[in-house]
Structures are given as C-alpha cells and as structure tokens.
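# Remarks on the overall topology
So the chains spell out like this:
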Amino acid sequence: MWESAGGLPHSLRAGPDALRGSVADVPDTLTIVDNRTGLEYSVPIVDGSIRATDLRQITAGDDDPGLLSFDPAYLNTASCKSAITYIDGDAGILRYRGYPIEEVADTTTFLETAYLLLEGELPTADALQGWEADVRSHTYVHTNVTKFMEGFRYDAHPMGMLLGAVGALSTFYPDAKDISDPENRYLQRVRLLAKLPTIAAYIFRHSRGLPYVLPRNDLGYIGNFVNMTFEIGGKHEANPVLQNALEILLILHADHEQNCSTSAVRGVGSSHVDPFSAVSAGIAALYGPLHGGANEAVLKMLDVIGDKANVPAFIEQVKTGKGRLMGFGHRVYKSYDPRATLIKQVADSVFAETGLNPKLEIALELERIALEDDYFVSRKLYPNVDFYSGLIYQAMGYSTDYFTVLFALGRLPGWIAQWEEMLNDPEQKIARPRQIYIGPEKRSFVPMSDR
Ligand code: SDX
C-alpha cells in the first residue's frame, strides 16, 4: 500500500469524506474515492482480489454505465477460481492438487498424474487399474480418421494436423455434445486421453510416409505411443531410459493453471461445445511460438546460432530488440521455472543413452550468459519449460516440428481437468469480455458513388 502526505494510503486522501483513522481498522475492503464526484465506495477484498463487477457502481452521471476494469492480455485478472494447479512465480513453485511437481514427476506415471489432475486425489491401486483399463480400451480411432489424415500434405505441420484431427473427432462422437451428463463427460475424457497418442503417432508416421501402426493394448500408455511412432517391421526395442524420460516430460507438461491454451479451452468450452472442439481450441493456442511452439522455436534459434562462439553476438542482437531468446521468460515465473530444472536432470539421463546433443553446448552457453546479463536479469527472464525440452525430444528421434505435439500430449489431462472445473463452477457462464470502443462516432453512410 503506498503512503500519501497525510500518512494515510493515497486512495483515502482525496475525498472530502475520506475515511479517517487507521487503515488497519478497516475490514477487508477497498475504499475508492471517485474524484469526479467526490463519492466514496467500499468494495470487499476477497482472496486478495476485488470483483470487477463491483466497479460498475462507480458512475459519474446518470448516463454513465459505470467503470470497467481494463486489462489487455489479462496481466492482472483472475478469470476463475481453480483447485487444480498452484504456481508461485517468485518462489518457482508448481504443485498439482497440492503435491510438489518434484515429487509427482519422480513417483507417478502419466496416467496416475492425469487421474490426480482430473479427480483431485491420487488413485488407489484399484482405481488406477480401472482407469488404465478404461483408457486402454479406447485407443483405436475410426478408420475414416486415417482417410482424412491422408489428405494432409507430406510436409504438413504436425500441429496443424493435430488441430484438424482432434476437431474432427467431434464429428465421430456426436454424443460428446451432452456435456451435462457426468458419465458422458467421463467417456469423452477417456476417448481423448486414449486417442490423442494414436492420432499423434499417425501424424508422426504420415510425416515420414510410413504405414500407421495400430495401438497395442498389451503395452502401457507411453510404451504404446512409442511403439506406434517408432515400430519398424513389426517390432521396436523400446529404450526404458528414454521411455521413462518421455513419461516424466509429459507429467511436467500436464497442467499449468490459466495459461494461454488452457484459457482457450475454458473460453471455448464455456459456450458448451463438445470437449473435442474445446480441446482443439487449446491445440490451436498451444501451436503459437510464444506458447507451446517455443520448444520448436528454441531448436530453430540454436540452429541459427550454429556455434557456441556465436552466442555473445546473438545475445547482443536480442538485447537490441532483434528477436527474442526463445525458451526464456514467463508471464508468471519470475525465477527459474521448476520444470526447467527437472528437465535438465532428465536431459542428463537421455544424453547418457543417446550421446550429447551438440546443440546442448550452445543452449548451456546461452543460459550461462543470459543469467549474468542485466538485460535478462532485470526483466527476470529465466529458462522456461521449453528451453531444454526440445533438445531431449530431438535426441529421442522426434523432428523439431513435432515437439509441440508432445507438449499437447502432456497438457491434455490439464485441459480436460480445467474444462470440467469450469463446467462445474456455479460462477462460470459463457465467456464474453467487454471492450473500450475507440472507433469512429456515429456517421452517415456514404453511397459508392460518393466514395
Ligand atoms: C509456455 O503461461 C504458461 O504457463 C505457459 C507455459 C505452460 O506451461 O503453459 O509455461 C508454457 O508457453 C512457456 C513460454 C514459452 N515461450 C517462450 O519461450 C517464447 C519467449 N518468451 C517470451 O516471448 C515471453 O517471455 C513470454 C511470452 C513467455 C511471456 O511474455 P510476457 O509476460 O508478456 O512478457 P513481455 O512480452 O511483456 O516481456 C516483458 C519484457 C519485454 O521487454 P521490455 O519491452 O520491457 O523492454 O521482457 C522482454 C520483452 O521484450 N522479454 C524478452 C523475452 N521475454 C520477454 N526478451 C528477450 N527474450 C525473451 N524470451
């Protein structure tokens, strides 16, 4: 709270009837003095926030509809209450349903993490077994999916294919529209979690002109995905270290509160569209290079830098505003992204198996210099989840343009959990922000002959 000349907080100073006495006596309220009218308003402070709609009472005349809050890109606006993921950006803390990410990543499977995010509690052994069996029995996709997959160009971007395929799934499951039925929502979440790996693997194979590999329900969730992507000649000797690393990476990506793609899923889902369509909106948002597409952009950046010796010059270019250090910075984390720390540990285990990715040396030098440079330090720019993940995916054999598909596979349970929470939140309704109109005032139409 800032102080004014009179020792009272600034906001209590201006009005003629400004509240006197210590602010400490005032309950959890914000007293607002409208200097246009001298009127004073008191709005409740709950959970460290005020309701934007409480500002509507503040008017400067009969024809004034009342104050709006203006917050482009929602820099300081909570869109919902959520119990799923907690992030403390300054302390670099990330928890799924209260469990620290460090513990979840080290001790659970991806489907166990998905269950935790979706149900709110860690599953018992029986519950997990039933959950895995449900997912395992829905891994096939309609053969027509493979037909329209063939319609994509050989060099179609995998995220464009994923976006189209998941949206199209809504046409195969018209029953998914009945979002009011919890049992139906459960069936759709199982279908999404079961079929996304299959579609992702088909995309991988399509990009390489390889025949599709059908799901194998005798394999685990990650093992089945790896087999569908890499099987050749009817077999694939999976590397358990790489498979375990992929599972940890997907767990680390599973949810991240109200990020851009999750907000897209919530926003589109608020119109009560089916979950396949809502998730396809999340895929579209994740595709962008400022969000999930950053892991692909990092590798392209490392390719442009080409050699460790070129790092200082590249950093100087970034500091002059020519481009960004992809994989650095975060809207919430103003210290190290805890996932980046864990991913660096995963990288060590992967590179021990695959040999060091030569680009790692460039990435480490970028990080070293950036963490000492005031341009980045002053802006609190640290490596985020995307800075090292691409190096690992590349070492695993995935192409650069496929990295964000892997991000989507990881984020899927979070998207679905957030979609469910939105539907069950009595305070939520169709998302429809307001605007501040800055266009022309009313004017007479101009016929073509006079233009
Ligand atoms: C993900 O939200 C989530 O939770 C996302 C995510 C998830 O799990 O869902 O964590 C996943 O998307 C991680 C972020 C991946 N994106 C990138 O790595 C792309 C590079 N990073 C940025 O573009 C940027 O840092 C964002 C988009 C991540 C955050 O941007 P903000 O919070 O809107 O910050 P900003 O663009 O307003 O930048 C603030 C300042 C600016 O400088 P000034 O104008 O004040 O001088 O920092 C600078 C920016 O120019 N800046 C960077 C930079 N990021 C910000 N400068 C160089 N390189 C960067 N990466």
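Since we're looking at a predicted model, the values are computed, not measured.

Near the ligand you find 23 residues, and of these His-256, Arg-324, His-330, Arg-339 and Arg-411 are the closest. Contact distances for the ligand include 2.9 Å between a nitrogen atom and a backbone N or O atom of Leu-290. Backbone polar atom of Leu-325 to a nitrogen atom of the ligand: 2.8 Å apart, as the coordinates give it. The fraction of the free accessible surface of the ligand (1000 Å²) that becomes covered by protein chains is 75%. For the shell around the ligand, the residue count by class is 10 nonpolar, 7 polar and 6 charged.

With that out of the way, let us pick up the domain arrangement of the protein. Annotation of the protein at the domain level lists domain 1 (2–69) and domain 2 (99–433). For domain 1 and domain 2, the distance between their C-alpha centres works out to 44 Å.

For the rest of this paragraph, the subject is the sheet that holds strand E4 (residues 93–96). Taken in spatial order, the 3 strands make up an open sheet running E3-E4-E5, and their pairing is antiparallel. Among the strands making up the open sheet, the edge pair consists of strand E3 (85–88) and strand E5 (99–100).

Taking 1.5 Å per residue, 12 residues should reach 16 Å; helix H16 (residues 385–396) reaches 17 Å between its end C-alpha atoms and fits that length. In terms of residue burial, H16 counts as a mostly covered element, since 10 of its 12 residues are buried. Backbone nitrogen of Asp-386 and a side-chain oxygen of the N-cap are separated by 2.8 Å at the start of H16; the cap is Asn-384. Backbone geometry just downstream of H16 places Gly-397 in the positive-phi region, at approximately 110°.

This part takes up the nonpolar core. The biggest cluster of nonpolar side chains holds 110 residues, and the ones touching the most others in it are Trp-131, Leu-162, Leu-246, Met-301, Leu-325, Leu-366 and Tyr-398. The biggest single contributor to this core is helix H17 (residues 403–424), with 12 residues. With residues up to four places along the chain from it excluded, the contact list for Tyr-398 reads Phe-204, Phe-225, Val-226, Thr-229, Phe-230, Leu-246, Tyr-393, Phe-403 and Leu-406.

Note: α-helices contain 3.6 residues per turn, so residues at a spacing of three or four share the same orientation. Extensive coverage of helix H2 (residues 110–119) is indicated by the burial of 9 of its 10 residues. Positive backbone phi, at 95°, marks Gly-120, one or two positions downstream of H2.

In this section: unusual backbone geometry. Here Asp-47, not a glycine, exhibits a phi torsion of approximately 50°, which is positive. With respect to the element layout, Asp-47 can be found in the loop between strand E2 (39–44) and E3. Among the residues examined, Asp-47 registers a relative accessible area of 68% and is labelled exposed. At Lys-380, a residue that is not glycine, the phi angle is positive and equals roughly 55°. Note that Lys-380 resides in the loop between helix H15 (374–378) and H16. Residue classification places Lys-380 among the partly exposed residues on the basis of a relative accessible area of 41%.

Counted under the stated rule, the structure contains 19 salt bridges. Here Arg-36 ties to Asp-34 by a salt bridge, and the two come within 2.8 Å at their closest N and O atoms. Under the relative-accessibility criterion, Asp-34 is labelled buried at 6%. For Asp-218, the salt bridge identified is with Arg-216, shortest N-O distance 2.5 Å. Linked by salt bridges that have partners in common, Glu-119, Arg-185, Arg-189 and Glu-420 make up one network.

We now examine the pairing of E4. Side chains Leu-94 and Tyr-96 of E4 all project onto a buried face; the interleaved residues Ile-93 and Arg-95 project onto a face where none is buried. Where E3 and E4 come together, 4 bridges link them in antiparallel fashion. Bridged to Asp-88 within E4 is Ile-93. Hairpin connection, E3 to E4: the antiparallel pair is bridged by 4 residues, and Gly-92 has positive phi, about 65°. Bridge analysis of E4 against E5 gives 2 bridges, and the strand direction is antiparallel.

So, on to the environment of Asp-90. Relative to the assigned elements, Asp-90 resides in the loop between E3 and E4. For the pair Asp-90 and Tyr-336, spaced 246 residues apart in sequence, the C-alpha separation works out to 8.6 Å. In this structure Asp-90 touches Lys-334 and Ser-335, once residues within four positions along its chain are discounted.

The subject of this paragraph is the pairing of strand E1 (residues 29–34). Each regular strand displays side chains that alternate between the two surfaces of the sheet. Relative to E2, E1 runs antiparallel, the two sharing 6 bridges. Bridging from a neighbouring strand, Val-33 pairs with Glu-40 of E2. The antiparallel pairing of E1 with E2 creates a hairpin that spans 4 residues between the two strands, and Gly-38 there sits at a positive phi of about 80°.

Attention now moves to the state of the cysteines. All told, the structure shown has 0 disulfides when counted by the stated rule. Free of any disulfide, Cys-80 has its nearest cysteine sulfur in Cys-260, 14 Å distant.

Moving on: the packing of aromatic side chains. Across all of its chains, the model carries 17 aromatic pairs by this definition. On the numbers, 5.1 Å between centres and 50° between planes, the contact of Phe-230 with Tyr-398 is tilted. Of this pair, Phe-230 sits in helix H7 (residues 221–230) while Tyr-398 is found in the loop between H16 and H17, placing the two residues 168 residues apart along the sequence. Relative accessible area serves as the criterion here: at 3%, Tyr-398 is assigned to the buried category. Seen from their ring centres, Tyr-393 and Phe-403 are 5.7 Å apart, and the 45° between their planes marks the pair as tilted. Of this pair, Tyr-393 sits in helix H16 while Phe-403 sits in helix H17, placing them 10 residues apart in sequence.

Criteria and thresholds
- Residues numbered from 1 in each chain as written.
- Predicted model: local features only at pLDDT ≥ 70, side-chain atom pairs only at ≥ 80, totals over all residues.
- Heavy atoms only, no water.
- Near = heavy atom within 4 Å.
- Polar contact = N/O pair within 3.5 Å; in protein donor to acceptor, adjacent residues only side chain to side chain.
- Areas by Shrake-Rupley, 256 points an atom, 1.4 Å probe, with all protein chains shown as cover.
- Nonpolar A, V, L, I, M, F, W, Y, C, P; charged D, E, K, R; others polar.
- Domains from an automatic or database assignment.
- Pairing = 2+ DSSP bridges.
- Helix = DSSP H or I, 4+ residues; strand = E, 2+ residues; numbered from the N terminus.
- Expected span 1.5 Å × (residues − 1).
- Buried < 20%, exposed > 50% of the residue type's maximum accessible area, 1.4 Å probe, protein only.
- Core = buried A, V, L, I, M, F, W, Y, C linked by side-chain atoms within 4.5 Å.
- Contact = heavy atoms within 4.5 Å.
- Salt bridge = Lys/Arg side-chain N within 4 Å of Asp/Glu carboxyl O.
- Disulfide = S-S within 2.5 Å.
- Phe/Tyr/Trp six-rings, centres within 6.5 Å; stacked < 30°, edge-to-face > 60°.

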